[in-house]
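Descriptive analysis of the structure
What follows is the residue order along each chain.
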Amino acid sequence: MANSFFPSSDDSLLSWATDYRDGIEEHATELGMTPAEVTEEKGFCDAIIDSLKDVSTERGKLKSALDHRDAVIADKGGQLRDRISRHKTAPGYTTAIGESLKIVAHNPNVNFDTYKASIKVELFAGHIRIKFSKKGVDGINLFNRKKGTSDWEFVSRLTVSPFDHIFPLKVAGQPEHWEYRAFGVVMDQEVGIASDIVEIIYGG
C-alpha cells in the first residue's frame, strides 16, 4: 500500500505486528478502546503473525526440498549417466534401444557435418587433465600422439568432463611432449571435424 505504515517486507511486518499487539493494551484508555476491542485487535495481529510464520516455515521446507533435490540429481543422476554411457558400449546396444529409453540426445541446432570438438589440457602431478564441452554431442573420442610422430592413438571415449589421462613415462625422469585432439561422437559415430591440436609437456 502506497504511503502505508504497514511494512512491505515479511520480516518487518512480523516485527511491527508483534510490537503493536504487545503495546496496544497499554494505550487502550487514551484511545478510548473497550477490552473487547483490544482483544479483537490483538487477534488481528496474531492472525497476521501466524500467516507470516507459516510462510517462513514453508519457505524453509521448500529450500530444504530443493537442496535435497539438487543433491540427489547430482549424485544419483551422475551415477545414472555413467551407467548409461556404459550401456551404450554394450555389444547389443542399438540406436532403437537408445530411442526407446530416451537416452539419445537430439539438438536440431547442431550441424554434425561441421561440428568441431574443443578440448583443453592441463598438467598435474602424475596425469594430464583433459577438459571439454559436449555442445550437442554425446561425447568425444580422444586421441594423442608424441610430438613429431604421425600416427594418432585412440585414448578413450569420453562422456564426462574432465578426464584424467594417467600413464607412465617411457623413460623415468624424462619429460615427453604430447599432442591431443578429439572428434565429437553421436550415437557411437564420430561426427564433424577434428578439434584443434593441443600440446603439453608431461613430466610424469
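Above this text is the structure in question.
In this report, we go over the structure that sits alongside the text. (Residues numbered from 1 in each chain as written. Predicted model: local features only at pLDDT ≥ 70, side-chain atom pairs only at ≥ 80, totals over all residues. Heavy atoms only, no water.)

1. Some thoughts on the sheet that holds strand β5 (residues 163-165)
Two orientations exist for strands paired in a sheet by backbone hydrogen bonds: parallel and antiparallel. Rules: A pair of strands is labelled paired if DSSP reports no fewer than 2 bridges between them. A run of DSSP states H or I qualifies as a helix once it reaches four residues; a run of E qualifies as a strand once it reaches two. Both are numbered from the N-terminal end. To obtain each axis, a line is fitted to C-alpha atoms, and for helices this fit is confined to the stretch in contact; angles are then taken between N-to-C directions over 0 to 180 degrees.
Strand order in the open sheet made by the three strands is β1-β2-β5, with antiparallel pairing throughout. Two strands lie at the open edges of the sheet, namely β1 (119-124) and β5, each paired on one side alone. Within the sheet, the average angular offset between the axes of one strand and its neighbour, ignoring direction, is 30°. With three bridges connecting them, strand β2 (residues 127-132) and β5 associate as antiparallel partners. Bridging from a neighbouring strand, Arg129 pairs with Asp164 of β5.

2. Here we look at the pattern of salt bridges
Here is the rule: Salt bridge, as used here: a side-chain nitrogen of Lys or Arg that lies within 4 Å of a carboxyl oxygen of Asp or Glu.
On inspection of all chains with the given rule, the structure shows 16 salt bridges. Two residues, Asp46 and Arg21, come together in a salt bridge whose shortest N-O distance is 2.9 Å. Of this pair, Asp46 sits in helix α2 (residues 35-87) while Arg21 sits in helix α1 (residues 10-23); the two residues are 25 residues apart in sequence, bridging distant segments of the chain. A salt bridge links Lys42 to Glu25; its shortest N-O distance comes to 2.7 Å. With Lys42 in helix α2 and Glu25 in the loop between α1 and α2, this residue pair connects regions lying 17 residues apart in the sequence. Through salt bridges with shared partners, a single ionic network connects Arg145, Lys147, Glu179 and Glu199.

3. Overview of the side chain of His127
Condition: Whether two residues are in contact is decided by their heavy atoms: any pair within 4.5 Å suffices.
Examined against the element boundaries, His127 turns out to sit in strand β2. Sequence-distant contacts of His127, defined by excluding residues within four places in its chain, comprise Glu122, Asp164, His165, Ile166 and Tyr202.

4. Here's the deal with the packing of α1 against α2
Keep this limit in mind: Throughout this description, any angle smaller than 35 degrees is read as roughly parallel, any larger than 145 degrees as roughly antiparallel, any in the 65 to 115 degree range as roughly perpendicular, and the remainder as oblique. For any helix crossing, the convention is left-handed if the near helix is rotated counterclockwise from the far helix by under a right angle, and right-handed if that rotation is clockwise. Gly is placed with the polar residues, together with every amino acid not listed as nonpolar (Ala, Val, Leu, Ile, Met, Phe, Trp, Tyr, Cys and Pro) or charged (Asp, Glu, Lys and Arg).
As a packed pair, α1 and α2 sit with axes 9 Å apart at the nearest point and diverge in direction by 150°. Of the possible angle classes, the one that applies to α1 and α2 is roughly antiparallel. By crossing handedness, the relation of α1 to α2 is classed as left-handed. Of the residues in α2, those in contact with Asp10, Leu13, Leu14, Ala17, Thr18, Tyr20 and Arg21 of α1 are Glu41, Lys42, Cys45, Asp46, Ile48, Ile49, Leu52, Lys53, Val55 and Arg59. Looking at the contact of α1 with α2 residue by residue, the classes come out as nine nonpolar, one polar and seven charged.

5. Remarks on the side chain of Glu176
The criterion, for reference: Exposure is judged per residue with a 1.4 Å probe applied to protein chains only, and the accessible area is read against the type maximum: over 50% gives exposed, under 20% gives buried, and values in between give partly exposed. Contacts described as polar in this section are N or O atom pairs within 3.5 Å, which, within protein, must combine one atom able to donate a hydrogen with one able to accept it, while residues neighboring in sequence count only if both atoms come from side chains.
Note on placement: Glu176 falls in strand β6 (residues 176-186). What makes Glu176 buried here is its relative accessible area of 6%. Separated by 2.9 Å, the side chains of Glu176 and Trp178 make a polar contact. Aside from chain neighbours lying at most four places away, what touches Glu176 is Lys146, Phe167, Leu169, Lys170, Val171, Ile200, Ile201 and Tyr202.

6. Some points on the packing of aromatic side chains
Filter applied, for reference: Each Phe, Tyr or Trp ring, with Trp reduced to its six-membered ring, pairs with another whose centre is within 6.5 Å; inter-plane angles below 30 degrees give stacked pairs, above 60 give edge-to-face pairs, and intermediate values give tilted ones. For a ring to carry a charge above it, either NZ of a lysine or CZ of an arginine must fall within 6 Å of the ring centroid while also lying within 35 degrees of the normal to the ring plane.
Scanning the entire structure with this criterion turns up eight aromatic pairs. Both rings, one in Phe167 and one in Tyr202, keep their centres 4.5 Å apart while their planes meet at 40°; by these two values the pair is tilted. One end of the pair, Phe167, is in the loop between β5 and β6; the other, Tyr202, is in strand β8 (residues 198-202), and 35 residues separate them in sequence. Of the two residues, Phe167 and Tyr202, both sit in the buried class. Ring-pair connections join several aromatic residues into one group, and the members of that group are Phe5, Phe6, Trp16 and Tyr20. Against the face of Phe124 rests Arg129, its NZ or CZ located 4.6 Å from the ring centre.

7. Examining α2
Rules: An expected span of 1.5 Å times one less than the residue number is assigned to each helix. The seven residues ending at a residue and the seven starting there each receive a fitted axis; the angle between those axes is the bend at that residue.
For α2, spanning 53 residues, the distance from its first C-alpha to its last is 75 Å, which sits close to the expected 78 Å at 1.5 Å a residue. The largest bend along α2 measures about 25° and falls at Gly77. Within α2 the residues assigned to the buried category are Val38, Cys45, Ile49, Leu52, Gly77 and Gly78. Close packing links the buried residues of α2 with α1.

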